[in-house]
Amino acid sequence: MSTSSSHTVLSPTDPEAGPFTLRIGERTVRADRNDELLAAVFGPEYLEESDPEVLFLMRLEQAIVIATAVQESIVANAVQRRDLDETTDEDTWTALLAERETVDPGVRWEHRVPLVLVSSLFAPYTERDQPIGNIAWIDPTDDVTMLESLQGLGVIELLEHGDLAVA
């Protein structure tokens, strides 16, 4: 079945499937280019843009949305496991629950519950120092780093993708 004019959802054995493949949930998407894989995650409008700066801003926006959702899921699971509770200090709660665009964990994040951050919101892209520690990063720099970041967070499973940063 076709999901857009540029990429299709096909079975892995389909001979017309593209060389790049990802799994998102129960869906397997095959495509000819990395940007088509991202369009399967973000929506078809990602393929309608050609300006590299606008594409970066689209990835950044999606990275923030995804980081927020993943952080909320991590916090909910941590509360269930009692890794976070009424004894957790206010600074920890503030960092975990803050908007991803404004969160300031300080120089080091050492809590056992990981903090999900977007790399482009910190140095060298902004004046905010990039913290170290138990941090899960989403990197929207280009299609490849975005795909690899999403895989690292478990949002998608890359079965095969290209190494080129641009399509």
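An account of the accompanying structure is given in this report. Since we're looking at a predicted model, the values are computed, not measured.

**Observations regarding the nonpolar core**
As a rule of thumb, nonpolar side chains are buried together in soluble globular proteins.
Moving on, step 1. With 41 residues, the main nonpolar core has V116, I138 and M146 as its most contacted residues.
Moving on, step 2. Counting residues per element, this core draws most heavily on helix 2 (residues 52-81), which supplies ten residues.
Moving on, step 3. Setting aside residues up to four positions removed in sequence, I138 forms contacts with A63, I66, A67, V116, L117, V118, S119, M146, S149 and L153.

**Structural notes on the packing of aromatic side chains**
Moving on, step 1. A complete count under the given rule lists two aromatic pairs for this structure.
Moving on, step 2. The interplanar angle of 90° and the centroid separation of 5.3 Å between the aromatic rings of F42 and Y46 together place this pair among those described as edge-to-face. Like Y46, F42 is buried.
Moving on, step 3. For the ring pair F122 and W137, a centre distance of 5.6 Å and an interplane angle of 85° mean the geometry is edge-to-face. Within this pair, whereas F122 is found in the loop between strand 4 (115-118) and strand 5 (132-133), its partner W137 is found in strand 6 (residues 135-138), the two being separated by 15 residues in sequence.
Moving on, step 4. Directly above the aromatic system of F122 lies the positively charged group of R128, at a separation of 4.3 Å from the ring centroid.

**Section: the sheet that holds strand 2 (residues 27-31)**
Moving on, step 1. Reading across the sheet, the three strands line up as 2-1-7 and stay open at both edges, with antiparallel pairing between neighbours. Looking at the sheet topology across the chains shown, the edges are occupied by strand 2 and strand 7 (157-160). Recorded for the sheet is a direction-independent mean angle of 20° between the axes of neighbouring strands.
Moving on, step 2. Across the face of the sheet, helix 1 (residues 34-42) comes into contact with strand 1 (20-24), strand 2 and strand 7 while running at roughly 15° to strand 1.

**Re helix 3 (residues 90-97)**
Moving on, step 1. Every buried residue of helix 3 is accounted for by T92, A95 and L96. The arc that holds the buried residues of helix 3, viewed along the axis, is 95°, so those residues lie on one side. The exposed residues of helix 3 that point more than 90 degrees off its buried face are E90 and L97.
Moving on, step 2. Sitting at the head of helix 3, D89 places a side-chain oxygen 3.2 Å from the backbone nitrogen of D91.

**Describing the packing of helix 1 against helix 4 (residues 143-152)**
Moving on, step 1. At a closest axis distance of 9 Å, the pairing of helix 1 and helix 4 adopts a crossing angle of 50°. Taken together, the axis directions place helix 1 and helix 4 in an arrangement best described as oblique. Helix-helix and strand crossings are classified by hand; for helix 1 and helix 4 the assignment is left-handed. For the pair helix 1 and helix 4, the contacting residues are N34, D35, L37, L38, V41 and F42 in the first and D143, V144, M146, L147 and L150 in the second.

**Remarks on the pattern of salt bridges**
Moving on, step 1. Summed over the entire model, instances satisfying the criterion amount to seven salt bridges.
Moving on, step 2. For R59, the salt bridge is made with D143, and the minimal N-O distance between the two is 3.4 Å. Of this pair, R59 sits in helix 2 while D143 sits in helix 4, and the two are 84 residues apart along the sequence.
Moving on, step 3. Under the relative-accessibility criterion, R59 is labelled buried at 6%.
Moving on, step 4. Residue classification places D143 among the buried residues on the basis of a relative accessible area of 6%.
Moving on, step 5. The partner of R81 in a salt bridge is D83, with the nearest N and O atoms 2.9 Å apart.

Quick notes on the rules
Residues numbered from 1 in each chain as written. Predicted model: local features only at pLDDT ≥ 70, side-chain atom pairs only at ≥ 80, totals over all residues. Heavy atoms only, no water. Core = buried A, V, L, I, M, F, W, Y, C linked by side-chain atoms within 4.5 Å. Buried < 20%, exposed > 50% of the residue type's maximum accessible area, 1.4 Å probe, protein only. Helix = DSSP H or I, 4+ residues; strand = E, 2+ residues; numbered from the N terminus. Contact = heavy atoms within 4.5 Å. Phe/Tyr/Trp six-rings, centres within 6.5 Å; stacked < 30°, edge-to-face > 60°. Lys NZ or Arg CZ within 6 Å of the ring centre and 35° of its normal. Pairing = 2+ DSSP bridges. Axes fitted to C-alpha atoms, helices over the stretch in contact; angles between N-to-C directions. Arc of directions from axis to C-beta. Polar contact = N/O pair within 3.5 Å; in protein donor to acceptor, adjacent residues only side chain to side chain. Parallel < 35°, antiparallel > 145°, perpendicular 65-115°, else oblique. Left-handed = near helix turned anticlockwise from the far one by under 90°. Salt bridge = Lys/Arg side-chain N within 4 Å of Asp/Glu carboxyl O.

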